[in-house]
Amino acid sequence: MPCTVIAGGFWGDEGKGKIISYLALKDPIDLCIRTGSVNAAHTIWYNGKRYALHMVPGGFVQEKCRLLVGPGTNVHVVQFLKEVEETGVKNRMGVDNQASIIEEKHSTQDKSSAHLKGLGTTGWGVGPAIEERVRRTAKLAKDVPELKPYLTDVSDEANDAIAKRKNVLLEGTQGLMLSLFYGTYPYVTGRDTSASAICSEAGVGPTRIDNVLVVFKAFMTRVGTGPLPGEMSKEEAQKRGWFEIAAGTGRERRSAPFNFELARRAATVNGATQAAVTKLDCVYPKCEGVREFDELPREAKQFIGEIEKQTGIPVMLVGTGPEALDIVDRRK
Ligand code: IMP
Ligand code: MG
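Presented here is a report on the structure given in the accompanying data block. Along each chain, numbering runs from 1 in the same order as the chain's sequence is written. Note on labels: chains are lettered from A, ligands numbered from 1, in written order. The predicted nature of this model means local features are confined to residues of pLDDT at least 70 and side-chain atom pairs, given and counted, to a pLDDT of 80 or more, with totals for whole chains, interfaces and linings taken over all residues. Side-chain measures were taken over the full set of non-hydrogen atoms in the model, leaving aside hydrogen atoms and water.

## Quick look at the site of ligand 1
Here, proximity means that at least one heavy atom of the residue falls within 4 Å of the molecule or strand. In the region of ligand 1, 15 residues are neighbours, and Asn39, Thr122, Gln174, Thr189 and Arg251 sit closest. At 2.8 Å, a side-chain N or O of Asn39 approaches an oxygen atom of ligand 1. Any N or O atom pair separated by 3.5 Å or less is treated as a polar contact, with the protein-specific requirement of one donor-capable and one acceptor-capable atom, and with residues adjacent in sequence counted only for side-chain atom pairs. One nitrogen or oxygen atom from the side chain of Thr122 is found 2.7 Å from an oxygen atom belonging to ligand 1. Of the residues assigned to the shell around ligand 1, the class counts are six nonpolar, seven polar and two charged. Asp, Glu, Lys and Arg are counted as charged, while Ala, Val, Leu, Ile, Met, Phe, Trp, Tyr, Cys and Pro are counted as nonpolar; the rest, among them Gly, fall into the polar class.

Spelled out as structure tokens, the structure:
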């Protein structure tokens, strides 16, 4: 740590939630700030229970961690309150005064707009909510009575914590290939998803960041439409154990093998200092539950080595199973 940005390297669903939950428990994280919006579901397995969080930061598993939703975020009030209840974090949860609000009408607009339907959006209404913010007619968190107990200045809290050398984590959503600027436009989400944008949405300047951790999955998946290099059939994906159903929307994910060129691009644009690779056990079943690098099978080690060679950054964390602690941690 102390201030780390977590960014997705592919099309989202790389397992950021799992990596965040591990760091939260292990380092431990003092402050975790969620960016983006309700369209992303971060899956966390903790104490045998599965959480799919759309609003509450993944750092919730660490009981001492302060949880914040940044000013660049779009808050879905109903979903937010539901998750606060489910995770029991009311007394350590804050929302920035200037976060904007995503409303039911935005979801209706999302689902009824032909061009958005063509992109295969999640239907939560994030695109229309961002449009409304840009128009400067959006409701802000400070205008919503139910959010009153949570209101705070997230940038102030974050910079204060960083000045005190606390462990701060900025939780990005989706992945670089879904970025409005760097992704497969127009098949992208409504905002930039790169590390720089994550900093901006949280109110932390680039000179305050110590680590940018880009998260890759050992194979690639994508939901919605748009290109996916190396895409395989559903049958092939099932055969390899790479077939997934989306945590947030229940949609079937498309799959493809790991792409080194895209990984290199993600490392570059994010200015990544290190990488995490999740679900290595889905590609090399003998990795399951392994927590020491030396115990990984040779092919798996070679794969990790190839990622390091092609991206130019070290792979410091390797996911070997669903639980938060199923990780090979190569940091000293
Ligand atoms: P939107 O973000 O709902 O507007 O959807 C735009 C595109 O981003 C669609 O292809 C969605 O499937 C994709 N997308 C949005 N959020 C996520 C996510 O959390 N994981 C994976 N794909 C996402
Ligand atoms: Mg997800």
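## Side note on the coordination of the magnesium ion (ligand 2)
For the magnesium ion (ligand 2), the protein coordination sphere consists of Asp13 (OD) and Ala41 (O), at 2.2 to 2.5 Å. On the criterion of sequence distance, the pair formed by Asp13 in the loop between strand E1 (3–8) and helix H1 (16–26) and Ala41 in the loop between strand E2 (31–34) and strand E3 (42–46) is long-range, its members being 28 residues apart. Here Asp13 falls in the partly exposed class, since its relative accessible area comes to 25%. Each metal's donors are the N, O and S atoms found within 2.8 Å of it, except that Na, K and Ca use a 3.2 Å limit; water is left out, so coordination can look incomplete. Helical segments are the DSSP runs of H or I of at least four residues, strand segments are the runs of E of at least two, and each set is numbered from the N terminus. For each residue, the accessible area found with a 1.4 Å probe, counting protein chains only, is set against the maximum for its type, and the residue is called buried under 20%, exposed over 50%, and partly exposed in between.

## Observations regarding helix H6 (residues 154–163)
Inspection of H6 places Val154, Ala158, Ala161 and Ile162 among the buried residues, and these make up the whole buried set. Around the axis of H6, the buried residues are gathered within 100° of arc, so they sit on the same side. Exposed residues pointing more than 90 degrees away from the buried face of H6 are listed as Asp156 and Ala163. Capping of H6 at its N-terminal end is provided by Asp153; its side-chain oxygen lies 3.2 Å from the backbone amide nitrogen of Ser155. Here the arc refers to the set of directions running from the helix axis out to each C-beta atom.

## Thoughts on the sheet that holds strand E7 (residues 93–96)
Within a sheet, neighbouring strands are paired by backbone hydrogen bonds and run either parallel or antiparallel to one another. The sheet built from 10 strands is open, its strands ordered E9-E7-E5-E2-E10-E1-E11-E14-E15-E16 with mixed pairing. Of all the strands in the sheet, just strand E9 (151–152) and strand E16 (327–329) have a single pairing partner and so form its edges. Throughout, a contact is declared for two residues whenever any of their heavy atoms are within 4.5 Å. Helix axes use the C-alpha atoms of the stretch in contact, all axes being lines fitted to C-alpha atoms, and the angles between their N-to-C directions lie in the range 0 to 180 degrees. Where H1 meets the sheet, its contacts fall on E1, E2, strand E10 (168–171), strand E11 (211–217), strand E14 (274–278), strand E15 (315–319) and E16, and the angle it forms with E1 comes to roughly 160°. Here helix H11 (residues 298–311) sits on the sheet and contacts E11, E14 and E15; the angle it forms with E15, its principal contact strand, is near 140°. Strand pairing is assigned whenever DSSP detects at least two bridges linking the two strands.

## Side note on the packing of aromatic side chains
What counts as a ring pair is set by centres within 6.5 Å for rings of Phe, Tyr and Trp (its six-membered ring), and what kind of pair is set by the plane angle: stacked under 30 degrees, edge-to-face over 60, tilted for all other angles. According to the stated counting rule, one finds 11 aromatic pairs in the structure shown. Residues Tyr51 and Phe60 carry aromatic rings whose centres are separated by 4.8 Å and whose planes lie at 70° to one another, so their mutual orientation is edge-to-face. For Phe60, a relative accessible area of 6% corresponds to the buried category. Measuring from ring centre to ring centre gives 6.0 Å for Phe181 and Tyr182, while their planes differ by 85°; the resulting arrangement is edge-to-face. A residue is classified by how much of its surface remains accessible, and Phe181, at 57% relative accessible area, is exposed. An aromatic cluster is defined as three or more aromatic residues linked by ring pairs; in this entry it consists of Phe10, Phe216, Phe258, Phe260, Tyr284 and Phe303. The criterion is that NZ of a Lys, or CZ of an Arg, lies within 6 Å of the ring centre and within 35 degrees of the ring normal, and then a charge sits over that ring. Lying across the ring of Trp242, Arg240 places its NZ or CZ 4.9 Å from the centre.

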